[in-house]
Amino acid sequence: MSFELTKHQHTRFNPLNGQWILVSPHRMKRPWSGQEEQPQPVNLPEFDPANPLCPGVERANGIKNPIYTSTFTFTNDFPAMLEDVPLPPESDDPLFQTGGARGTCKVICFHPKSNKTLPLMTPKEIRTVIDTWIAEYKMLAEKYTWVQIFENKGASMGCSNPHPHCQVWACSFLPNEPRVKDEKLRQYYEKHGKALLDDYVKKEIAKKERVIIENPDWLVVVPFWASWPFETMIISRNGNRRMSDLSLQQINNLAIVIKELTIKYDNLFKCSFPYSMGWHGAPTGDLASSDDKHWTLHAIYYPPLLRSAFVRKFMVGFELLCQPQRDLTAEQATQKLRQLCGKKHYSEHI
Ligand code: H2U
């Protein structure tokens, strides 16, 4: 019996974090359940006077939002990090180490209407969101080592408010994920003289097995090492290292890619597809001037759904105690996402 990637169990290496995942394709009774979803209508009102993210509504801190007509950014009223706080004393006990943590947290509303999500917005409106990301990023990058732009979409991903929005957390330290990624990317560059993700993009374009969308500026793939069933990455094809490097054309093409990918996601199970997504690029602040040739700007989407709008994957048991495991291979997930329409949202048919 000879080995087949989509048939036989194996492990795959994630070069971005040095971790392995277990792939068990034989557990898929059939390559795809073929289950037809009942479309999930989105019944949110355009405006909810009780929603503190809506235009003109008073937030928890008593401040009234402006009647905004595009994006709107404010400092989170319940920030996980404050700018000016005392630092903990240094400890020489290896078992009770602490570190300083200063930062700020912001909320960016994408649109004045509560019933809009990125796939339902126009490319021009999405461009404005990207412009806002870049503006916030540039501002915070001057002071902070890491600026994390992220969107939690859907209650199942911990999103506390249905109004379309994302968050930006900027901090004085390099958090775990980017710290390990920085190390791995640097080691690869030192060994091969090229950026890992630049090489990866070239290889994925040649192989075609995991490509969902490509244009001259961006590549969307289900990464070879994906652990969530429909995990994807949007990777810069032009060696950008940070959000702040993007040209007008790259921003325009990114808006198109985000719309297409999120329409595909929504069309997969005919629901407003939940996910946690965010951008990773070279560190900033005190690390901005250090060597960053090993970095390539990219976004990662981690969606929890597995089989339907209601059946999600949990990272528990073996995954929590040992390593992530998946049944559906990255290639099967790619096929499914690739063949879905990325132009027309399912709700247009309801
Ligand atoms: P999430 O839905 O991803 O939790 O983001 C909403 C954020 O909005 C959340 O972090 C903030 C919450 O702290 N928020 C305010 O800052 N002020 C409010 O009046 C309500 C919500």
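Note: the structure precedes this text.
Throughout what follows, the structure given in this document is the object of discussion. (Residues numbered from 1 in each chain as written. Predicted model: local features only at pLDDT ≥ 70, side-chain atom pairs only at ≥ 80, totals over all residues. Heavy atoms only, no water.)

### As for the layout of surface pockets
When its volume is computed, the largest pocket comes out at roughly 940 Å³. Of all the secondary structure elements, the ones that give two or more residues to the lining of the largest pocket are β2 (19–23), β5 (146–153), β6 (165–171), α2 (176–192), β10 (275–280) and β11 (298–302). For the lining of the largest pocket, the leading source of residues is α2, giving 5 residues. (1 Å grid on protein atoms, 1.4 Å probe; cavity = no way out; pocket = protein on both sides within 12 Å on 5 of 7 lines; lining within 4 Å. Points joined across faces, edges and corners; volume = space filled by probe spheres on them. Helix = DSSP H or I, 4+ residues; strand = E, 2+ residues; numbered from the N terminus.)

### Here's the deal with helix α1 (residues 123–141)
Helix length check: α1 (19 residues) gives 26 Å between terminal C-alpha atoms against 27 Å at 1.5 Å per residue, within 8%. Looking only at α1, the buried set comprises Ile126, Val129, Ile130, Thr132, Trp133, Ile134, Glu136, Tyr137, Leu140 and Ala141. (Expected span 1.5 Å × (residues − 1). Buried < 20%, exposed > 50% of the residue type's maximum accessible area, 1.4 Å probe, protein only.)

### Some remarks on the sheet that holds strand β8 (residues 218–221)
Taking strand neighbours across the sheet as the criterion, the 9 strands line up as β3-β4-β6-β5-β10-β11-β9-β8-β7 in an open arrangement whose pairing is antiparallel. Edge positions in the sheet fall to β3 (72–75) and β7 (211–214), since each has one partner strand and no second. Direction aside, the axes of adjacent strands within the sheet are offset by 20° on average. Bridge count between β7 and β8: 3 bridges; the pairing is antiparallel. Counted as the bridge partner of Ile213 is Val220 from β8. Here α2 sits on the sheet in contact with β5, β10 and β11, set at roughly 50° to β10. (Pairing = 2+ DSSP bridges. Axes fitted to C-alpha atoms, helices over the stretch in contact; angles between N-to-C directions. Contact = heavy atoms within 4.5 Å.)

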